[in-house]
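Remarks on the overall topology
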Amino acid sequence: MRITNKNNTKPRKEKVYESTSFKDGKFTEEELKQYGLLDNEISTILEYQVLLPILQSDESNSKINAKDLHKQLNNGWKFTDWIENRIKSYRLIKDVDYSTISRKYEIDGFAKSKDILDYILTLDCAKQLAMVERTGIGALVRRYFIIIEKAFKNRTNWNQNRKNTLINCKELRGALITKREELLNGVPEWITNGNLYSIEFSLLNTVILGMSATQYRKEHNISSNDQIRNYFSEDQLDDVERLEIYDAQLIISQEIYSYEDRKHILQTEYNRVKNRKTKWV
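Residues numbered from 1 in each chain as written. Predicted model: local features only at pLDDT ≥ 70, side-chain atom pairs only at ≥ 80, totals over all residues. Heavy atoms only, no water.

Details of the overall build of the protein
Inclusion rule: Segments assigned H or I by DSSP are reported as helices when at least four residues long, segments assigned E as strands when at least two residues long, and all are numbered from the N terminus. Think of it in three bands: residues with accessible area under 20% of the maximum for their type are buried, residues over 50% are exposed, and the middle band is partly exposed, with areas taken using a 1.4 Å probe on protein chains only. Contact definition: two residues touch when any of their heavy atoms are within 4.5 Å.
Within the protein, the regular secondary structure consists of 12 helices and 3 strands. Relative to its full complement of 281 residues, the protein shows a buried share of 40%. In the protein, the share of contacts with a sequence separation of at least 24, taken over all contacts with a separation of at least 6, comes to 64%.

Shown next as structure tokens:
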């Protein structure tokens, strides 16, 4: 069933689609709350990220300039005294834990630049030195490394649970790309969002939730910048996975381009499986 544009209006201009299904990078307060962390655990992680941005790299082979670390630790030591003390006290091994390089620096009061030795730490060594600081920031770092494993475990589980929905989403995306013009012509006039991906994903969300995204956000106090599927249960994520495949088949195989027609068919399929689950559970 192909729906033509009766008003002969120009095709909709689509907005760029940005997915936020996978979580990476720095933790936000909103993400950590979704994992059920305690308030003090959340504040520790957020404070660590603010006070020690130099240690935020995910690359195990990252190199850290000891001067930059020393500045962020703010421990009151003179840098040269601090790094020499740490190398000796913790038996750091040159070319394993750290390396040195001579660089020229412009120093106030000197006419010529001066050669100064820079200490380049491995990321693991830099984290170790931060943990042994006998200051408030050292205590913060120690608390952080106790808590952060829980946060990363939750994030890994979160991303893994969304893996199948994203894999099957590729099939639906392919259908949306192939039949873009036909689908846009089948979108009701009351839908003002010009992004075909957002329109289709909103359709699926509405089928599963039984209400509009706006209503769901209002009832659950969800920010407009936060993705609704972040709040889906495991069963609802399974429904997303299944309906994305079915939707793609409706578009490609059955050539059903009308938004309302697909919504009706998808709702019928969703209810059929839901009733079967309810009967046997």
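Brief notes about the sheet that holds strand E2 (residues 98-105)
In sheet architecture, strand pairing relies on hydrogen bonds along the backbone and comes in two forms, parallel and antiparallel. What counts here: A pair of strands is considered paired only if DSSP assigns at least 2 bridges between the two. With axes taken as lines fitted to C-alpha atoms, and helix axes fitted only over the stretch in contact, angles between N-to-C directions fall between 0 and 180 degrees.
In spatial order, the strands read E1-E3-E2; together these 3 strands make up an open sheet with antiparallel pairing. The open sheet has two free edges, formed respectively by strand E1 (63-65) and E2, since each of these has just one partner strand. Each adjacent strand pair in this sheet contributes to an overall mean axis angle of 35°, direction not counted. Bridging between E2 and strand E3 (residues 114-122) involves 8 bridges; their strand directions are antiparallel. Looking at E3, one finds that Ser-102 is bridged to Leu-117. Here helix H5 (residues 123-131) sits on the sheet and contacts E1 and E3; the angle it forms with E3, its principal contact strand, is near 90°.

Remarks on the packing of aromatic side chains
In plain terms, the rule: Put simply, two rings from Phe, Tyr or Trp (the six-membered ring, in Trp's case) pair if the centres are within 6.5 Å, and we call them stacked under 30 degrees between planes, edge-to-face over 60, tilted for the rest.
In this structure the tally under the stated criterion is 8 aromatic pairs. With a centroid separation of 3.5 Å and 10° between ring planes, the pair formed by Tyr-48 and Tyr-144 is classed as stacked. Here Tyr-48, found in helix H2 (residues 39-51), pairs with Tyr-144, found in helix H6 (residues 136-161); they are 96 residues apart in sequence, far enough to count as distant. In this structure, Tyr-48 and Tyr-144 share a single accessibility class: buried.

Quick notes on the side chain of Glu-200
On the secondary structure map, Glu-200 appears in helix H9 (residues 196-209). With relative accessibility at 1%, the residue Glu-200 sits in the buried group. Contact partners of Glu-200, with chain neighbours within four places excluded, come to Leu-172, Leu-176, Asp-247, Ile-251 and Arg-262.

A few points about H9
Spacing of three or four residues puts side chains on the same side of an α-helix, whose turn is 3.6 residues. Inclusion rule: For a helix, the expected span equals 1.5 Å multiplied by the number of residues minus one. Two N or O atoms count as a polar contact when they lie within 3.5 Å, although within protein this holds only if one can serve as hydrogen donor and the other as acceptor, and sequence-adjacent residues are included solely when both atoms are side-chain atoms.
For H9, built from 14 residues, the straight-helix expectation of 20 Å at 1.5 Å per residue is met to within 8% by its first-to-last C-alpha distance of 20 Å. Here H9 lies mainly inside the structure; 12 of its 14 residues are buried. The N-cap of H9, judged by a side-chain oxygen 3.0 Å from the amide nitrogen of Tyr-197 a few residues on, is Asn-195. Gly-210, located one to two residues past H9, shows a positive phi value of around 80°.

Some thoughts on the packing of helix H3 (residues 66-73) against helix H4 (residues 79-89)
Quick reminder of the rule: These descriptions rest on fixed angle ranges, namely under 35 degrees for roughly parallel, over 145 for roughly antiparallel, 65 to 115 for roughly perpendicular, and the rest for oblique. Each residue receives one of three labels: charged for Asp, Glu, Lys and Arg, nonpolar for Ala, Val, Leu, Ile, Met, Phe, Trp, Tyr, Cys and Pro, and polar for the others, Gly being one of them.
The contact between H3 and H4 brings their axes to 11 Å, and the two run at 105°. On the basis of the axis angle, H3 is roughly perpendicular to H4. Each of Ala-66, Lys-67, Leu-69, His-70 and Leu-73 in H3 lies in contact with H4, whose residues at this interface are Phe-79, Trp-82 and Ile-83. When the residues that make up the contact of H3 with H4 are grouped by side-chain class, the tally is 6 nonpolar, 1 polar and 1 charged.

Some points on the pattern of salt bridges
Selection rule: Just to be clear on terms, a salt bridge is a Lys or Arg side-chain nitrogen sitting within 4 Å of an Asp or Glu carboxyl oxygen.
All told, the structure shown has 12 salt bridges when counted by the stated rule. The partner of Glu-269 in a salt bridge is Arg-272, and the shortest N-O contact between them spans 2.8 Å. Within this pair, Glu-269 and its partner Arg-272 are both found in helix H12 (residues 259-280), separated by 3 residues, close to a single helical turn. Taking relative accessible area as the criterion, Glu-269 reaches 14% and is therefore assigned buried. Here Arg-272 falls in the partly exposed class, since its relative accessible area comes to 45%.

Examining the environment of Gln-72
Among the secondary structure elements, Gln-72 is positioned in helix H3. Along the chain, Gln-72 and Ile-137 lie 65 residues apart, while their C-alpha atoms are 9.3 Å from each other. Setting aside chain neighbours within four positions, we find Gln-72 in contact with Leu-51, Leu-52, Pro-53, Ile-54 and Ile-137.

Quick word on the packing of H9 against helix H11 (residues 234-252)
Definition in use: Note on convention: near helix rotated counterclockwise from far helix by under a right angle means a left-handed crossing. Clockwise means right-handed.
Relative to each other, H9 and H11 sit at 130°, their axes nearing to 10 Å. Relative to H11, the element H9 lies oblique. Pair H9 / H11 crosses with right-handed handedness. Across the interface between the two elements, Glu-200, Leu-204, Val-207, Ile-208 and Leu-209 of H9 pack against Gln-236, Asp-239, Val-240, Leu-243, Glu-244, Asp-247 and Ile-251 of H11.

A look at the side chain of Asn-65
Within the secondary structure layout, Asn-65 lies in strand E1. Excluding anything up to four places from it in sequence, Asn-65 contacts Ile-54, Arg-103, Asp-118, Tyr-119 and Ile-120.

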